[in-house]
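Listed below are the residues making up each chain.
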Protein chains: 2
Amino acid sequence: MSERTLRIPTFDIGPAVERLKVALGADAVETTEAEVSQFRDPFQHRSWRDFEPGAAVLPSTVEQVQAVLRIANECKVPVWTSGQGRNNGYGGAAPRVSGALVMSLRRLNRVLEVDEESATALIEPGVRFFDLYDHLRAAGSKLWMSVPDLGWGSVVGNTLDHGLGYSLTGDHIANQCGMEVVLANGDILRTGMGSMTNARAAHVYKRGCGPSADGLFMQSNYGVVTKMGVWLSPPPDCYMPGWLTLRKDSDLELLLEVLRPLMIDGTIPNQPMIINAVCAMSAFAGREDWYDGAGPMPEEIIEKIAAQPGFGRWVMRFALYGDEKIVERQREIVQDAFGRIPGAEVSFSKYDGRAMPELENPHERVQAGIPSMALDRMTRWYGGENGGHIGFSCAAPITGRDGAALRDLVRGELEAAGLDYSGVIIVSKRSMIHVGLVVFDTEDEAQASNAYAACRSMVRSAAKLGYGEYRSHLDFMDLVAEQYDFNDHAQRRFNERIKDALDPNGILSPGKQGIWPATYRA
Amino acid sequence: MSERTLRIPTFDIGPAVERLKVALGADAVETTEAEVSQFRDPFQHRSWRDFEPGAAVLPSTVEQVQAVLRIANECKVPVWTSGQGRNNGYGGAAPRVSGALVMSLRRLNRVLEVDEESATALIEPGVRFFDLYDHLRAAGSKLWMSVPDLGWGSVVGNTLDHGLGYSLTGDHIANQCGMEVVLANGDILRTGMGSMTNARAAHVYKRGCGPSADGLFMQSNYGVVTKMGVWLSPPPDCYMPGWLTLRKDSDLELLLEVLRPLMIDGTIPNQPMIINAVCAMSAFAGREDWYDGAGPMPEEIIEKIAAQPGFGRWVMRFALYGDEKIVERQREIVQDAFGRIPGAEVSFSKYDGRAMPELENPHERVQAGIPSMALDRMTRWYGGENGGHIGFSCAAPITGRDGAALRDLVRGELEAAGLDYSGVIIVSKRSMIHVGLVVFDTEDEAQASNAYAACRSMVRSAAKLGYGEYRSHLDFMDLVAEQYDFNDHAQRRFNERIKDALDPNGILSPGKQGIWPATYRA
């Protein structure tokens, strides 16, 4: 399988930067090393210089976004867009093409509407999970939302990058409804019913009359999303987070078999997260608290971690929501099912969802859609404050065979690279994402290099088994795209045909997800 | 609001037909009046000659689909594709451009896979709801599926046209996963994870890495879908269909207010259908059994129908599925909620979903995903065997205000046109579709003309109130597209830019949903 040759055109962002200062005001353009460095890949070793932002522009309005794209088209400079740029395990706000202008939408940060009747909100792309939560509480709304483990990211950005959360609306794409998009030529498109002026159903009905374009603007470089409808949920009478621990590593396979029917029939309605002992401990401690030897952590240390109270070789968080009698019955069903796994232990907490207390357990907060940063330390297993990670994330059916195959592949390759295996499985209704949370010390160049190399290697070995990444770090976006090879890469051909039609100058995020404009294809 | 001027190019399908006979075999091409007439709009008055198929081609394989498109490109003839072409209230299999070649995919009728573990199937576009059901039963599968009221249509075609069903997987688009598409240039695209050869997650994970194209191939003319993944559901322990009757016409508003929270929180997990007295009676009787006067049926006759046992001014079918104790608790919650509507009566049946008896009530069959044709007579209110209908179908939030606005608008305009108001509301999690089932006698030219004229008028008056159609009859596809007018029809501009990029010769279903190729735009 050969990778394509690319030809990055030469460009000079200087004239564009000057014009942007005039058009948007000098405070909307950042050019100093200190300012621009916040848009770097946060975990790249300091001696590397890949994916370097050239300058940053921060528009505050849709009209300013249009102005940025007009200037970029006229000056033929690439513009790499992000909401908050907190997609850290995948490269943060950094551009695929070094020297590109980074457009951060952080200042487009308004919650435009909350519809209490239909439980929806309309937001701009700079709105963080924290912001939406604060807005709801300040407005006296009781509505619940969904958050990923870290609350500092953009709700829109996370959704567009296929992100997931852990409450009832945790399938973020399924709970997105209606977009406003600025196209490369500056034209403003509204998708679905929102393309009718004053549409009543713009944020409750996911489609319009005709094709639906929303999926096109996710993980792509076809437009800049400036508004998005989000579905929320009414507070449940009863909120019951659960915690399951497994004794043996091989119990994972049995768990997945027991779990699959509970997911498909909706008995468990959120997105459970299954993590291994190393990952679970990383929420509370650094690696050095357990082991400071070189190479992967020995099995006996992992067993020691697994033996801690509330821990196991694998643990799963999940939650039930709704009418108390129904939730109690679901608890019985779930307990009965998990009882078929020898040594499994399951415990529950129970809260009134309409009068929530302060929750101490970060996993219980996340599954109640309460944003926090408590789980940030999971990525600091190695190196303390210098800890970093890459997400190596494959989609699979919810089966024991698939779980074992991905666990064994990722553990094997990481350990061969001298790294610990921190494993996370996020389970949806019919699929799961196995995330190898590839943790390393960003100050340790050799270890960081090993982590990147292991990821690149795993992309290929996973593809041989039929597993594709659902998201990818800048460093291996092209390699990932390469694996989607049916009919001699028909999907990439299709994606690039759309790209050329919508963005003939190739200004929008060239290289995003391996989609390159015509001018870059050798 | 002015409609666009279109310029239909002249074309001659004769040479293409001859080449198709050679390439596919003579039995795959139909040219006689008797053969071709089955692809006409089934309810058009016999003296009209709009939307006339020129000839029909019936490929049996993906390679034959490619051959058809190759010949159509070379001969520059339009090809109007359908699965079964049973979309009768919207024009059936008839092409928007008269004289076009109709490509029916009826012979691509294989169920390619059923995955019992993940509860999915992979099917071709000629597979009818009947076929998939028969396949599952013949294979000994217990899996349930979703069906619309009539079982003769294509599962793929219904999904692509935003169709709905009434069991747990009744949101057909939400339960579609992975497509194979032949593009206008003959290239074969697989969407999502299926674009990786031997992908494990092709039919369980709805996206790939990069943009998702599936929505583009729905209600559009961008490609020919030749395979589609469909989600099924395990049989519920308990199946409990319910039937609610309302005494007064104005109770609809209160019902929608009571229903909305039950839909959003999932207490009612299927897609309830609310129908008015005329529509409910049309399943069992013809209009002449109740009234044979001219003009709309008088209020006192409607009241008489509503007073029949099991009837009301409005009735709603809905269903609960799952663990018996949970279903029993849901029944209590639902009964309690509907108890707040004075005069409302609700009744339930209860079945073991794993050992289903033969169900006599067609509404109970539909909600169990069992295909039938029993409800076909609903469209024969006028004119007996000559009865026809047009669907006038708007999306709206689930509120009393929206329900009343659509009811009053549609009833008012239909009665002004001398027609009865047969009203259907299909309710989803956060939205509803109000279908004016515009019924008429296809042999009565004046009545049929009035029905068409009323629909055209309602498109405009609904748009003024902010309601757009979710689907439309051939006769007013352009008018509907015209209403999606935000930013001077940015969505149509976008749709046609994609069209021109994917189908430069404009061969695929020109005019579908108001999307015209460059060669047709004056």
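Keep in mind the model is a prediction, meaning the values are calculated, not measured. (Residues numbered from 1 in each chain as written. Chains lettered and ligands numbered in written order. Predicted model: local features only at pLDDT ≥ 70, side-chain atom pairs only at ≥ 80, totals over all residues. Heavy atoms only, no water.)

Residues and elements named next belong to chain B. With mixed pairing, the four strands of this open sheet are ordered in space as S1-S2-S4-S3. With partners counted over all chains shown, the strands left at the sheet margins are strand S1 (29–30) and strand S3 (79–82), one partner each. The pairing of strand S2 (residues 55–57) with strand S4 (residues 101–104) spans three bridges and is parallel. Looking across to S4, one finds that Ala56 is bridged to Val102. Its contacts with the sheet put helix H3 (residues 62–75) on S2, S3 and S4, and the angle it makes with S4 is roughly 165°. (Pairing = 2+ DSSP bridges. Helix = DSSP H or I, 4+ residues; strand = E, 2+ residues; numbered from the N terminus. Contact = heavy atoms within 4.5 Å. Axes fitted to C-alpha atoms, helices over the stretch in contact; angles between N-to-C directions.)

What follows concerns the pairing of strand S17 (residues 431–441) of chain B. Residues and elements named next belong to chain B. Buried residues dominate S17, accounting for eleven of its eleven residues. Of the two faces of S17, both are covered, the one formed by Ser431, Ile433, Val435, Leu437, Val439 and Asp441 as well as the one formed by Met432, His434, Gly436, Val438 and Phe440. As defined by bridge partners, strand S16 (residues 423–427) adjoins S17 across five bridges and the pair is classed as antiparallel. When the bridges of S17 are listed, Val427 appears paired with Met432. (Buried < 20%, exposed > 50% of the residue type's maximum accessible area, 1.4 Å probe, protein only.)

Okay, the relation of the copies chain B and chain A next. Expressed as a screw transformation, the operator carrying chain B onto chain A has a rotation angle of 180° and an axial translation of 0.0 Å, and the superposed copies differ by an RMSD of 0.0 Å. Read as a symmetry element, the transformation amounts to a two-fold axis. The fraction of interface residues of chain B whose copies in chain A are also interface residues reaches 100%, indicating that both copies meet through the same surface. (Least-squares fit on C-alpha atoms with pLDDT ≥ 70 in both.)

Turning to the interface of chain B and chain A, a few remarks are in order. On the chain A side, the residues contacting the 90 residues of chain B number 90 residues. Each partner contributes to the roughly 7500 Å² buried at the junction of chain B and chain A, and carbon and sulfur atoms together form 58% of this total. Linking chain B with chain A are ten salt bridges. Residue Arg493(A) is joined to Asp187(B) by a salt bridge in which the shortest nitrogen-to-oxygen separation is 2.9 Å. (Buried area = accessible area lost by both parts, 1.4 Å probe. Salt bridge = Lys/Arg side-chain N within 4 Å of Asp/Glu carboxyl O.)

Quick look at the packing of helix H14 (residues 486–502) of chain A against helix H14 (residues 486–502) of chain B now. Orientation of H14(A) relative to H14(B), taken along the N-to-C sense of each, is 125°, at an axis distance of 9 Å. If you check the angle between H14(A) and H14(B), you find them oblique. The handedness of the crossing between H14(A) and H14(B) comes out as right-handed. Residue-level inspection shows Phe494(A), Arg497(A), Ile498(A), Ala501(A) and Leu502(A) of H14(A) in contact with H14(B), the latter providing Phe494(B), Arg497(B), Ile498(B), Ala501(B) and Leu502(B). Among the residues making up the contact of H14(A) with H14(B), the classes are represented as eight nonpolar, no polar and two charged. (Parallel < 35°, antiparallel > 145°, perpendicular 65-115°, else oblique. Left-handed = near helix turned anticlockwise from the far one by under 90°. Nonpolar A, V, L, I, M, F, W, Y, C, P; charged D, E, K, R; others polar.)

Let us now look at the environment of Ala94(A). Residues and elements named next belong to chain A. Within the secondary structure, Ala94 is located in the loop between strand S3 (79–82) and strand S4 (101–104). Taking the C-alpha atoms as reference, Ala94 lies 6.2 Å from Pro53; in sequence the two are 41 residues apart. In contact with Ala94, not counting residues within four places along its chain, are Phe39, Arg40, Asp41, Phe51, Trp80 and Leu474.

Further remarks concern the domain arrangement of chain A. Residue and element names in this part refer to chain A. As assigned here, chain A comprises domain 1 (14–106 + 500–520), domain 2 (111–231) and domain 3 (238–475). Counting residues at the interface gives 18 residues for domain 1, matched by 20 residues for domain 3. Both faces combined, the contact of domain 1 with domain 3 buries some 1600 Å², and carbon together with sulfur accounts for 54% of it. Among the residues of domain 1 in contact with domain 3, Phe43, Trp48 and Tyr90 are the three that bury the most area, contributing 47% of the side total. Across the contact surface, domain 1 and domain 3 share one salt bridge. Residue Arg46 is joined to Glu443 by a salt bridge in which the shortest nitrogen-to-oxygen separation is 2.6 Å. Where domain 1 packs against domain 3, one counts eight residue pairs in polar contact (both at pLDDT 80 or more). Looking at the side of domain 1 that touches domain 3 residue by residue, the class counts come to seven nonpolar, eight polar and three charged. (Domains from an automatic or database assignment. Polar contact = N/O pair within 3.5 Å; in protein donor to acceptor, adjacent residues only side chain to side chain.)

What follows concerns the packing of helix H6 (residues 251–264) of chain B against helix H9 (residues 324–338) of chain B. Residues and elements named next belong to chain B. In contact at an axis separation of 10 Å, H6 and H9 are set at 155° when each is read in the N-to-C sense. Regarding the angle of H6 to H9, the classification is roughly antiparallel. Considering the relative orientation of H6 and H9, their crossing is right-handed. For the pair H6 and H9, contact is made by Leu255, Val258, Leu259 and Leu262 and by Ile333, Ala337 and Phe338, respectively. Of the residues contributing to the contact of H6 with H9, the split by class is seven nonpolar, no polar and no charged.

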